[in-house]
Amino acid sequence: MPLIRFEHVFKRYPERGEALGNVNFEIQAGEMVFLTGHSGAGKSTMLRLIGLIERPTRGQILVNGRNLATLPRRQIPYYRREVGMIFQDHRLLPDRSVFDNVALPLVVAGVGQKEIGRRVRAALDQVGLLSRERATPVALSGGEQQRVGIARAVVGRPPVLVADEPTGNLDPDLSREIFELFERFHYVGVTLLIATHDLNLVQSMRHRTITLDAGRLVNDTGDW
Ligand code: ADP
Ligand code: ADP
């Protein structure tokens, strides 16, 4: 079953021209896929469309059985819980604890206190940060901050994870650790789409890789 499907997707920004032009692809449930391409190629735009942060100018996007073009407005918050998003700058709240940052999506979703405690600790355990739940993000290293961002994205157990340059601020060793963490989610069935510039890492990891160039999908290695 395709978990993500783009059909003739175009995205045009007023005055900036076409960010995506006629993009077509499918990602099957459980795949781990890298998204590469030069700066400005359209990678972030593609991820924002999947996260329903923006809408396409034309074309259809289907994610986890939902047609994003026809999704009623009141369903958007529920849809967003099905897509965990990870950003280069991780977007943590600097004045809240690690625990509170990771708990945030569950608090918004109205999950009960006891269940929040259980799930946040499970997510922190998955990223190896259980001992840091009381720390604030400023006390953490860059790699640890990104792992908190990943814990926040997975705490609601979304079937899809999308990451936008998640290792853009990290050195090669920490970048590899983050990618290996993504592989662990891949092994338990999560579908991942990871935008990255890190071609060395991409080539060493042997997952399907989609390449954008000036808004066009120019290469797709298919599954390895
Ligand atoms: P990438 O993530 O591959 O660097 P982006 O998706 O950020 O590429 O950008 C693709 C193109 O769309 C670029 O030309 C960029 O300037 C333009 N663009 C992206 N976001 C916006 C926006 N919010 N408003 C106007 N133009 C944008
Ligand atoms: P902005 O569009 O103002 O930059 P954010 O960057 O905070 O807003 O987030 C954009 C959207 O992505 C928000 O609507 C939010 O619901 C969603 N989002 C942010 N972080 C996560 C996450 N970890 N998991 C799932 N969705 C998220």
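Residues numbered from 1 in each chain as written. Chains lettered and ligands numbered in written order. Predicted model: local features only at pLDDT ≥ 70, side-chain atom pairs only at ≥ 80, totals over all residues. Heavy atoms only, no water.

An unreviewed UniProt entry lists the protein under the name Cell division ATP-binding protein FtsE, from Thiorhodococcus minor. As stated in UniProt under Function (unreviewed entry), the record for the protein gives "Part of the ABC transporter FtsEX involved in cellular division. Important for assembly or stability of the septal ring." A UniProt comment under Subunit (unreviewed entry) is attached to the protein, and it reads "Homodimer. Forms a membrane-associated complex with FtsX." (UniProt positions renumbered as here; feature names shortened; annotations may be inferred.)

**Looking at the overall build of the protein**
Within the protein, the secondary structure is distributed over seven helices and 10 strands. Against the globule reference of 17 Å for 224 residues, the protein gives a C-alpha radius of gyration of 17 Å, in line with a compact fold. Structurally, the protein occupies a C-alpha span of about 45 × 40 × 35 Å along its principal axes. Among the 224 residues that make up the protein, the fraction classed as buried is 50%. Sequence-distant contacts, at least 24 apart, represent 67% of the contacts inside the protein between residues at least 6 apart. Summed over all atoms, the accessible surface of the protein reaches about 11,100 Å², with 49% contributed by carbon and sulfur. Across the protein, the 29 positively charged side chains and the 25 negatively charged ones have centroids separated by 8 Å. (Helix = DSSP H or I, 4+ residues; strand = E, 2+ residues; numbered from the N terminus. Rg over C-alpha atoms; globule rule 2.2 N^0.38 Å. Buried < 20%, exposed > 50% of the residue type's maximum accessible area, 1.4 Å probe, protein only. Contact = heavy atoms within 4.5 Å. Areas by Shrake-Rupley, 256 points an atom, 1.4 Å probe, with all protein chains shown as cover. Lys, Arg positive; Asp, Glu negative; His and termini not counted. Charge placed at Lys NZ, Arg CZ, Asp CG, Glu CD.)

**Describing a nonpolar patch on the surface**
Side chains of Leu93, Leu104 and Val108 sit close together on the surface and give an oily, nonpolar patch of about 230 Å² of accessible area. On the basis of relative accessible area, Leu93 is assigned to the partly exposed category, the value being 31%. (Patch = residues over 30% accessible without salt bridge, like charges linked within 9 Å, V, L, I, M, F, W, Y side chains within 5 Å. Salt bridge = Lys/Arg side-chain N within 4 Å of Asp/Glu carboxyl O.)

**A look at the sheet that holds strand E7 (residues 160-164)**
Across the sheet, six strands lie side by side as E6-E7-E8-E3-E9-E10; this open sheet has mixed pairing. One side of each edge strand has no neighbouring strand; the edge strands of this open sheet are strand E6 (83-87) and strand E10 (216-220). Pairs of neighbouring strands in the sheet enclose a mean axial angle of 20 degrees, with direction left out of account. The sheet contact formed by E7 and strand E8 (residues 191-195) spans five bridges and is parallel. Looking at the pairing, Val162 lines up with Leu193 of E8. Contacting E6 and E7, helix H5 (residues 142-154) crosses the sheet at an angle of about 165 degrees to E6. (Pairing = 2+ DSSP bridges. Axes fitted to C-alpha atoms, helices over the stretch in contact; angles between N-to-C directions.)

**Describing the site of ligand 2**
Surveying the vicinity of ligand 2 reveals the residues Ile53, Arg80, Val83, Gly84, Met85, Phe87, Arg91, Arg152 and Ala153. Between an oxygen atom of ligand 2 and a side-chain N or O atom of Arg80, the distance comes to 3.2 Å. Note that an oxygen atom of ligand 2 is positioned 2.3 Å from one of the side-chain N or O atoms of Arg91. For ligand 2, whose unbound accessible area comes to 550 Å², protein coverage reaches 55%. When atom positions are compared with the pocket grids, ligand 2 is found to occupy the largest pocket. (Near = heavy atom within 4 Å. Polar contact = N/O pair within 3.5 Å; in protein donor to acceptor, adjacent residues only side chain to side chain. 1 Å grid on protein atoms, 1.4 Å probe; cavity = no way out; pocket = protein on both sides within 12 Å on 5 of 7 lines; lining within 4 Å. Sits in = over half its atoms within 2 Å of the grid points.)

**With respect to the environment of Ile194**
Its location among the elements puts Ile194 in strand E8. When its relative accessible area of 0% is taken as the criterion, Ile194 is described as buried. Each C-alpha atom of the pair Ile194 and Leu47 lies 8.9 Å from the other, and the pair is 147 residues apart in sequence. With residues near it in sequence (within four places) discarded, Ile194 still touches Met32, Val33, Phe34, Leu35, Ala163, Pro166, Phe179 and Phe182.

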